[in-house]
Amino acid sequence: MSKSLPKDFIYGGATAAYQAEGAVHTDGKGPVAWDKYLAENYWYTAEPASDFYHMYPVDLELCEQFGINGIRISIAWSRIFPAGYGEVNPKGVDFYHRLFAECHKRHVEPFVTLHHFDTPEALHSAGDFLNRETIDHFVEYAKFCFREFKEVNYWTTFNEIGPIGDGQYLVGKFPPGIRYDLAKVFQSHHNMMTAHAKAVLAYKKGGYTGEIGVVHALPTKYPYDPENPADVRAADLEDIIHNRFILDATYLGHYSDHTMEGVRHILEANGGTLDLRKEDFEVLTAAKDLNDFLGINYYMSDWMRAYDGETEITHNATGAKGGSVYRIKGVGQREFDVDVPRTDWDWMIWPQGLYDQIMRVIHDYPNYKKIYITENGLGYKDEFVDDTVYDDARIDYIRQHLNVLSDAIRDGANVKGYFLWSLMDVFSWSNGYEKRYGLFYVDFETQKRYPKKSAYWYKKVAETGVIE
Ligand code: BGP
C-alpha cells in the first residue's frame, strides 16, 4: 500500500543564491571568494548559472503550476553589503523584495537562508569565520535583513556549517582550498555556530513573529563491520566531525563529554588547538531552546573502517564513479565497496540513513521542536530527449526518501516539509553544470525550463499527499 504524508506538509524545491542567480556583477553585487576560485580551479563559473536573477518569475510560476508550495532561497550577502558590512546596496535590497513578493503572489512560502556558502570576498580573505570579526559582521547583516524583509516568515541562518568547514579546510574543494586541517574545521564550525546563536537571539529579541532555525547536512555514519569495535569507533569519530559537534552546539549549548573526547583524540592525532571561549557557550546556551526548526539536508550515508595511516582525500569532481578516496589520520576511512547503490559521484544512496538520522535527532536532542528536510535529491547526468528528461532514477530516489519520512512521522518525529534539491537545475559548487538535480531541466544557453518526468510525479504527490 502507498504511504502518505500529512495534510499541512510543505512540498518544496530548494535553491541557493550563488548557484541559481548568475548576474554576479550586476546591480552593485560585491565579489565573493568563489568568483576567482572557480575561475582559477574549475572548468566553469557562476555565470550564467540558472539566471534566477532575471528568471525568477518563470520559476515561481512553474512552482504554482506543479503544486510546489515552498521554496528555499538564499540572500546573497554581497548583494546587500557588497563589502560584507558598511554601506547598503539598495538595488540588492530591492531585488529580494521583488523576489519575495513574487513568491507570495504564487502562494509559494519562501524559506530564506542568510548564508549559503557565499561570504563576501573582503571578509573571506580576512579569514572568513575563523576570524571572529566575521561573526559580528554576520550578525549585523542578519539584523538588517530581519528589519528590512518583514515579509519573510521563515529564516535560516546558515546552510551547512559542516560541509563549509570540510570543503574549506579538510577536502580543500572550497575556497581557500586548505587541506587536512582538522583544527580549522572544528574552529570554523564553532565560530559559525556562535554566529548562528547570536543571530537567533537577535531575532527573538526583535520580537518578530516568524520562525528561525539552521540547516545542517547530516550524513549518517555506519561502521563497516558493526562487530568490530575499531570500525565502530571510526564511525563515531566521523559522526562527531560532521554531525554531533554542530548538533551539540545547536541543541545542548555545549559539547558533551563524549563529543569532546572525540575532538581531543582527533586533534592529538592531527595537531592544532581550539579557541572555545566561555562567552561563546553563554550565547550557545541562551539560544539552544529558541530554534524553531532544524533543517536537515540528507543525501547519503557512509560506511567507516578503522584506518592507521596519513590523511588522504581525493574528491570525485567529474562523476567518474569509483574515484573517491577518504581516509583521515586518527579517524578512519570510508569504504565505498559495500552493497549499496551509489551515484556517479560516489554518494551512497541509503534512505534508511535519513530515518536513522531523524530518530537520532529526536532521541538525543528532544528540544528540537520540528524538522524540515531542507535538501535531498539525486545528482545525475540527465539525458535531454523529447524536450524532457525521463528521470525514473530520480523519481525512485525521491519516493524512497519520502517513504522513510512517512515512517519517521508515524514513529513520532515532527517533520513538517520536504524541499527537493533542486527546484530547477543549478550548477554544483565543485562538480559544475553536468551534475543536475532539478525538477525542471535548464538549457543553460537559452535559459529555457522544461519539466522533467519527476516534476509531474512530484506534482501528483503534492496534490494527493500519497507517495505513489
Ligand atoms: C549541499 C548544498 C547545495 C548543493 C547540494 C548538492 O551540500 O547545500 O548547495 O550543492 O549539496 O551538492 P553537490 O552540488 O556537491 O552535488
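Residues numbered from 1 in each chain as written. Predicted model: local features only at pLDDT ≥ 70, side-chain atom pairs only at ≥ 80, totals over all residues. Heavy atoms only, no water.

We now examine the site of the ligand. As a structural note, the neighbourhood of the ligand is formed by 14 residues, with Gln-19, Glu-160, Ser-428, Lys-435 and Tyr-437 the closest of them. Between an oxygen atom of the ligand and a side-chain N or O atom of His-116, the distance comes to 2.8 Å. Contact with the protein chains covers 92% of the free accessible surface of the ligand, which is 370 Å². Looking at the shell around the ligand residue by residue, the class counts come to six nonpolar, five polar and three charged. (Near = heavy atom within 4 Å. Polar contact = N/O pair within 3.5 Å; in protein donor to acceptor, adjacent residues only side chain to side chain. Areas by Shrake-Rupley, 256 points an atom, 1.4 Å probe, with all protein chains shown as cover. Nonpolar A, V, L, I, M, F, W, Y, C, P; charged D, E, K, R; others polar.)

One pass over the structure, following the stated rule, counts zero disulfides. In this model Cys-103 remains outside any disulfide bridge; the closest cysteine sulfur is found in Cys-63, 7.7 Å from its own. The class for Cys-103 is buried, based on a relative accessible area of 0%. A disulfide-free cysteine, Cys-145 has its sulfur positioned 15 Å from the sulfur of Cys-103, the nearest such atom. (Disulfide = S-S within 2.5 Å. Buried < 20%, exposed > 50% of the residue type's maximum accessible area, 1.4 Å probe, protein only.)

Counting residues in each nonpolar core, the largest one holds 149 residues, and the members touching the most others are Ile-75, Tyr-96, Phe-138, Phe-149, Trp-155, Ile-358 and Leu-405. Counting residues per element, this core draws most heavily on helix α9 (residues 182–205), at 11 residues. Non-local contacts of Ile-75, meaning those with residues more than four positions away in its chain, are made with Ala-17, Ile-80, Tyr-96, Phe-100, Val-112, Thr-113, Leu-114, Asp-118, Tyr-141, Cys-145, Phe-149 and Trp-155. If you look at the next biggest cluster of nonpolar residues, it comprises six residues, including Tyr-222, Val-338, Val-340 and Met-348. (Core = buried A, V, L, I, M, F, W, Y, C linked by side-chain atoms within 4.5 Å. Helix = DSSP H or I, 4+ residues; strand = E, 2+ residues; numbered from the N terminus. Contact = heavy atoms within 4.5 Å.)

Moving on, we get to the packing of aromatic side chains. Aromatic ring pairs are described here by two measures, namely the spacing of the ring centres and the angle between the planes. The final tally for this structure, using the stated rule, is 59 aromatic pairs. Each ring, one from Phe-245 and one from Tyr-255, has its centre 4.0 Å from the other, and the planes form 5 degrees; the classification is stacked. Within this pair, whereas Phe-245 is found in helix α10 (residues 229–251), its partner Tyr-255 is found in the loop between α10 and α11 (257–270), the two being separated by 10 residues in sequence. By relative accessible area, Phe-245 is classed as buried at 0%. The class of Tyr-255 is buried, set by a relative accessible area of 6%. On the basis of an interplanar angle of 65 degrees and a centroid distance of 6.3 Å, the ring pair of Phe-427 and Trp-429 is categorised as edge-to-face. (Phe/Tyr/Trp six-rings, centres within 6.5 Å; stacked < 30°, edge-to-face > 60°.)

Moving on, we come to the pattern of salt bridges. Applying the stated criterion to the full structure yields 41 salt bridges. Here Arg-233 makes a salt bridge to Glu-261, at a shortest N to O gap of 3.0 Å. Within this pair, whereas Arg-233 is found in helix α10, its partner Glu-261 is found in helix α11, the two being separated by 28 residues in sequence. With a closest N to O distance of 3.2 Å, Lys-288 and Asp-289 form a salt bridge. Look at Asp-289 and you get partly exposed, because its relative accessible area is 37%. Taken together, the shared-partner salt bridges in this structure form one network comprising Asp-382, Asp-391, Arg-394, Asp-425, Arg-436 and Lys-452. (Salt bridge = Lys/Arg side-chain N within 4 Å of Asp/Glu carboxyl O.)

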